[in-house]
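Coordinate inspection notes
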Amino acid sequence: MTRIGTDISQAVELLTEGEVVAIPTETVYGLAGNGTSTETAARIFEIKNRPRFDPMILHFRDLSAIQSFVIDIPDNGRKLAEALWPGPLTLLLEKTKKVPDLVTSGSPKVAVRVPSHPMLVQVLGALDFPLAAPSANPFGYISPTTAQHVADQLGDQIPYILDGGPCTIGLESTIVDVTGSKAKVLRKGGVTIESIEELVGPVDVEERSTSRPSAPGMLQSHYAPKTKFKLTDRSLKLEGVNVDKVGVLAFQEYWPGVPRENQILLSESGDLYEAARSLFAAMREMDNQGFEIIYSSLVPDKGLGRAINDKLRRASMNV
């Protein structure tokens, strides 16, 4: 079984040797390796059972470290980077030859970000290469937000999990393509669309899923539990259903007709930031209860709620 610890020097040593380790970020835990190595990238794809047409994000210590890996940072991208980095924002930019084609799944664009988690900042500061780090979970399953989540799923496949505590945001980063004349949000995440538009004006938002993604997190079915997961609302009638086998992932209020012990509230106070932090852990807990089906409903579609709803919709595509 893998080791879980807080030894940053151990993580740095393993990464320098070409190993793949799990690292904490403010968004979710990542499965990290040398982002300039095709061999290491291939190992990440193998461990996650991730299709090679789904690109990965490169993580850097700061904006200056990115310069030689991209052809240009347009004005829109620079405004976003200077205001929102370090943080849960990923920019899609034209790549240079320093970025292996495998990392970008053959795309001429690379997804880059500067994370804010203090332990990861120290790791990146000790390395002379960026880290490719998709979420540290089997492909398509619920993203991990604690070290134990990683160990439960990938523990025997990696040598070390750097434990940085529970993720403070709990949703993946927002991905913005800034290579065109108008910024385009490709994945909703930890930075709200409203925050982005305050900096660069109106943006386009990619609402469709695709089987050939240009950025991570764009596939139709994603973030999904193994248990059947269905979106509906609190007015659902459950006549003739064994409610003991029904789980409910609710936003703020318990649903009628289902035992409360079968339900998890994302935020009793209606706080969307708390709901975001709770989402993946709650989905994972529900998935381990032996229910035949899990019901959930959308949260208010504003701010971080838009990203939460995106994850819920993709999770529901497993039915």
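Residues numbered from 1 in each chain as written. Predicted model: local features only at pLDDT ≥ 70, side-chain atom pairs only at ≥ 80, totals over all residues. Heavy atoms only, no water.

**Thoughts on the pairing of strand S9 (residues 174-177)**
Of the two faces of S9, both are covered, the one formed by Thr174 and Val176 as well as the one formed by Ile175 and Asp177. Taken together, the four bridges between strand S5 (residues 89-94) and S9 define a ladder with parallel strand orientation. Across the sheet, the residue bridging to Leu91 is Val176, located in S9. As paired strands, S9 and strand S10 (residues 184-187) are joined by three bridges and run antiparallel to one another. (Buried < 20%, exposed > 50% of the residue type's maximum accessible area, 1.4 Å probe, protein only. Helix = DSSP H or I, 4+ residues; strand = E, 2+ residues; numbered from the N terminus. Pairing = 2+ DSSP bridges.)

**Re the packing of helix H4 (residues 75-84) against helix H7 (residues 193-200)**
Contact pair H4 / H7: the axes reach a minimum separation of 9 Å and the direction vectors enclose 120°. On the basis of the axis angle, H4 is oblique to H7. The interaxial crossing formed by H4 with H7 has right-handed handedness. Touching Asn76, Lys79, Leu80, Ala83 and Leu84 of H4 are Ile196, Leu199 and Val200, all from H7. Taken together, the residues of the contact of H4 with H7 break down into six nonpolar, one polar and one charged. (Axes fitted to C-alpha atoms, helices over the stretch in contact; angles between N-to-C directions. Parallel < 35°, antiparallel > 145°, perpendicular 65-115°, else oblique. Left-handed = near helix turned anticlockwise from the far one by under 90°. Contact = heavy atoms within 4.5 Å. Nonpolar A, V, L, I, M, F, W, Y, C, P; charged D, E, K, R; others polar.)

**A word on the nonpolar core**
If you look at the biggest cluster of nonpolar residues, it comprises 48 residues, and the most contacted ones within it are Leu80, Leu91, Val112 and Val176. Those elements giving two or more residues to this core turn out to be helix H2 (38-48), helix H3 (63-66), H4, S5, strand S6 (109-113), helix H6 (147-154) and H7. With five residues, the top contributor of residues to this core is H2. Residues in contact with Val112, not counting those within four places in the same chain, are Ile57, Leu58, Phe60, Ile66, Trp85, Leu89, Thr90, Leu91 and Leu93. Among the nonpolar cores identified, the runner-up in size contains 26 residues, and Tyr141, Ala276, Leu279 and Leu304 belong to it. (Core = buried A, V, L, I, M, F, W, Y, C linked by side-chain atoms within 4.5 Å.)

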